[in-house]
Amino acid sequence: MTSRKPALAVVGATGAVGAVMLQILSQHADVWGDIRLIASPRSAGRKLAVRGEEVEVLALGEEALEGADVALFLVPEAVAAQWAPIAAAKGAVVVDASPAFRMDPDVPLVVPELNPHCVRVRPRGIVACPGDTTLALIVAVGALHAEFGLSELVVSAYQAASGAGQAGVTALREQLSLVAGTELGACPGDVRRAVGDDTGPFAAPLALNVVPWSGALLEEGWSSDELRIRAEARKILDLPELRVAATCVRVPVLNAHSVSVHARFEHEVTVARAHEILATSPGVVLYDDPAAGDFPTPADVVGTDPTWVGRVRRSLDDDRALELFVCGDNLRKGAALNAAQIAEAVAAEFSA
């Protein structure tokens, strides 16, 4: 086969994740031929910079997808569900960052650091990315699983406002402006009264607060975000019976999710060996020296690519369990970067 650079379509180029994707495409090795930027009709005609050039945004439609070899979908679930199969039918390999196809048995759910071989097995012509919270933890947990054999996962996820999209960021900034410089937060309900009834995409005020809820209500009190973490971890690690319990909490952070992880394994663990594994795993930065104040926080990891891991401890009552704290930028590895890595693996097929 003659080697060539494939044509790339970025669907959702004008969104928050799209903006990060354009940065990544401009920073990474240039493996692409034509790059076309696609968004909703209301954004058509805008010009955005990618690879040092101004590119005009096209309106999403069948014509815009013609001739694309790879199509990145950085759009809401309903848009991906409608248009990703159309792009695949036109011959593009679709990399979808939405939840639309994650649990489809004919669509691989890929984290390149863990299961890159799955990229080539795509009966529907679609490859899915996990959700941003799963991606914040799974690279580190997967590396430990390869050594110790994961048997149970209990996580509390502290999700940034941007996980709810631009509406979440806007809502948090507006709420912070209402409470900044005040004495609010000392009396029951005073923050809620100051913010008012419009709390944006959050179930309660997020400024000066944490909200133990994200997603839609499902059976027995679980949220859709919590059950997605469970289902995605099982599929990525190929552990269909893995015991997983997740609690999702929105916190007043703009970007970067954090996750407290309790991971139980089939074999005895040691902190020393866990440190060795994490320190040498692709996509992971070990930052774990509490005596020196070294552990990851969202404010320190935002804008970076890796999963940052600290507070690694063996459980006091179980020599097969580890406790750790992880942080990752939900707009980079949690969305754009993982999709870009998958797309680059597909691009490599054109020069194989």
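See above for the structure.
To start, this report covers the structure provided alongside it. Numbering of residues starts from 1 in each chain and follows the order in which that chain's sequence is written. Local features are withheld for residues below a pLDDT of 70 in this predicted model, meaning they are given only at 70 or higher, and side-chain atom pairs are given and counted only at 80 or more; totals for whole chains, interfaces and linings count all residues. The side-chain quantities take in all heavy atoms of the structure and omit both hydrogens and water.

1. Side note on the overall build of the protein chain
- Numbering of helices and strands runs from the N terminus, with a helix taken as a DSSP run of H or I at least four residues long and a strand as a DSSP run of E at least two residues long. A tally of helices and strands in the protein chain yields 10 helices and 13 strands.
- Here the C-alpha atoms of the protein chain give a radius of gyration of 21 Å, agreeing with the 20 Å that 2.2 N^0.38 yields for 352 residues.
- Considered along the principal axes of its C-alpha atoms, the protein chain spans approximately 60 × 50 × 40 Å.
- Here the protein chain holds 352 residues, and the buried ones make up 50% of them.
- Residue contacts follow a heavy-atom distance rule, with two residues in contact if any of their heavy atoms lie within 4.5 Å. For the protein chain, restricting intrachain contacts to residue pairs at least 6 apart in sequence, the fraction spanning at least 24 positions comes to 67%.
- Method for areas: the Shrake-Rupley scheme with a 1.4 Å probe, in which residue coverage is limited to the protein chains shown. About 15,500 Å² of surface is accessible on the protein chain, with carbon and sulfur atoms providing 52% of the total. Atoms counted for the radius of gyration: C-alpha only. Globule rule: 2.2 Å times residue count to the power 0.38. Three labels apply to residues, based on accessible area from a 1.4 Å probe with only protein chains included: buried if under 20% of the type maximum, exposed if over 50%, partly exposed otherwise in between.

2. A word on the pattern of salt bridges
- Salt bridges, as used here, are contacts in which a Lys or Arg side-chain nitrogen is within 4 Å of a carboxyl oxygen on Asp or Glu. Applying the stated criterion across every chain, the model contains 17 salt bridges.
- With a shortest N-O distance of 2.8 Å, Arg51 and Asp30 are connected by a salt bridge. Taken together, the positions of Arg51 in the loop between strand E3 (47–50) and strand E4 (53–59) and Asp30 in the loop between helix H1 (16–27) and strand E2 (35–39) put the pair 21 residues apart, joining distant regions of the chain.
- Overall, Arg51 belongs to the partly exposed group, its relative accessible area being 29%.
- Judged by its relative accessible area of 39%, Asp30 falls in the partly exposed class.

3. Some points on H1
- Helix span, expected: 1.5 Å multiplied by one less than the number of residues in the helix. If you check H1, its first and last C-alpha atoms are 17 Å apart, about what 12 residues at 1.5 Å a residue would give, namely 16 Å.
- Considered for burial, the residues of H1 that qualify are Val17, Gly18, Val20, Met21, Leu22, Ile24 and Leu25.
- Tucked inside the fold, the buried residues of H1 contact strand E1 (8–11), E2, E3, strand E5 (70–73) and helix H10 (332–348).

4. A short note on the sheet that holds strand E12 (residues 307–314)
- Only strands joined by at least two bridges in the DSSP assignment are considered to pair. Read across the sheet, 6 strands follow the order E9-E8-E10-E13-E12-E11 without closing on themselves; strand pairing throughout is mixed. Across the chains shown, the open sheet's two edge strands, defined by having one partner strand only, are strand E9 (243–250) and strand E11 (284–286). Across the sheet, the mean angle separating the axes of adjacent strands is 20 degrees when strand polarity is ignored.
- Judged from the 3 bridges that link them, E11 and E12 form a sheet pairing that is parallel. Where helices are involved, their axes are fitted lines through C-alpha atoms of the stretch in contact, as for all axes, and angles between N-to-C directions lie from 0 to 180°.

5. Quick look at the packing of helix H4 (residues 132–148) against helix H7 (residues 224–237)
- It is the contact of H4 with H7, at a shortest axis distance of 11 Å, that shows an interaxial angle of 40 degrees. Viewed along their axes, H4 and H7 adopt a mutual orientation that is oblique. As for the relative orientation of H4 and H7, their crossing is right-handed in sense. Counted together, Thr133, Thr134, Ile138, Gly142 and His145 of H4 and Arg228, Ile229, Glu232, Ala233, Ile236 and Leu237 of H7 form the full contact between these two elements.
- Each residue belonging to the contact of H4 with H7 can be placed in one class, and the counts come to 5 nonpolar, 4 polar and 2 charged. Here is the rule for angles: anything less than 35 degrees is roughly parallel, anything more than 145 is roughly antiparallel, 65 through 115 is roughly perpendicular, and the remaining ranges are oblique. Each helix crossing is assigned a hand: it is left-handed if the near helix lies turned anticlockwise from the far helix by less than a right angle, otherwise right-handed if that turn is clockwise. The classification used treats Ala, Val, Leu, Ile, Met, Phe, Trp, Tyr, Cys and Pro as nonpolar, Asp, Glu, Lys and Arg as charged, and all other residues, Gly among them, as polar.

6. Section: the nonpolar core
- Working definition of a nonpolar core: buried Ala, Val, Leu, Ile, Met, Phe, Trp, Tyr and Cys residues. They are joined through side-chain atoms within 4.5 Å. In this structure, Phe73, Leu137, Ile138, Leu144, Leu153 and Val261 are the most contacted members of the largest nonpolar core, which totals 60 residues.
- If you tally residues by element for this core, the top one is H4, at 10 residues.

7. Here's the deal with unusual backbone geometry
- Even without being a glycine, Leu208 presents a positive backbone phi close to 55 degrees.
- By secondary structure assignment, the location of Leu208 is in the loop between helix H6 (190–195) and H7.
- For Ala256, which is not a glycine, the phi torsion comes out positive at approximately 100 degrees.
- Position of Ala256 relative to the elements: it lies in the loop between E9 and strand E10 (257–265).

8. Here's the deal with the layout of surface pockets
- Approximately 160 Å³ is the volume found for the second largest pocket.
- Cavities and pockets were defined on a 1 Å grid built from protein atoms only: a cavity is a group of points that admits a 1.4 Å probe but offers it no way out, a pocket is an open group of points flanked by protein on both sides within 12 Å along at least five of seven lines, and a lining residue is one with an atom within 4 Å of any such point. Around the second largest pocket sit 14 residues that line it, and Pro108, Leu109, Asn115, Cys118 and Lys235 are the ones nearest its centre.
- Broken down by class, the residue content of the lining of the second largest pocket amounts to 8 nonpolar, 2 polar and 4 charged. Grid points are joined across faces, edges and corners, and a volume is the space filled by probe spheres set on the points.

9. Some words on the pairing of E12
- Looking at chain direction, E12 and strand E13 (residues 321–328) are connected through 5 bridges and run antiparallel. When the bridges of E13 are listed, Val309 appears paired with Val326.
- Hairpin geometry of E12 and E13 is characterised by an intervening segment of 6 residues between the two adjacent antiparallel strands.

Bear in mind that shape data such as this cannot, by itself, settle questions of function.
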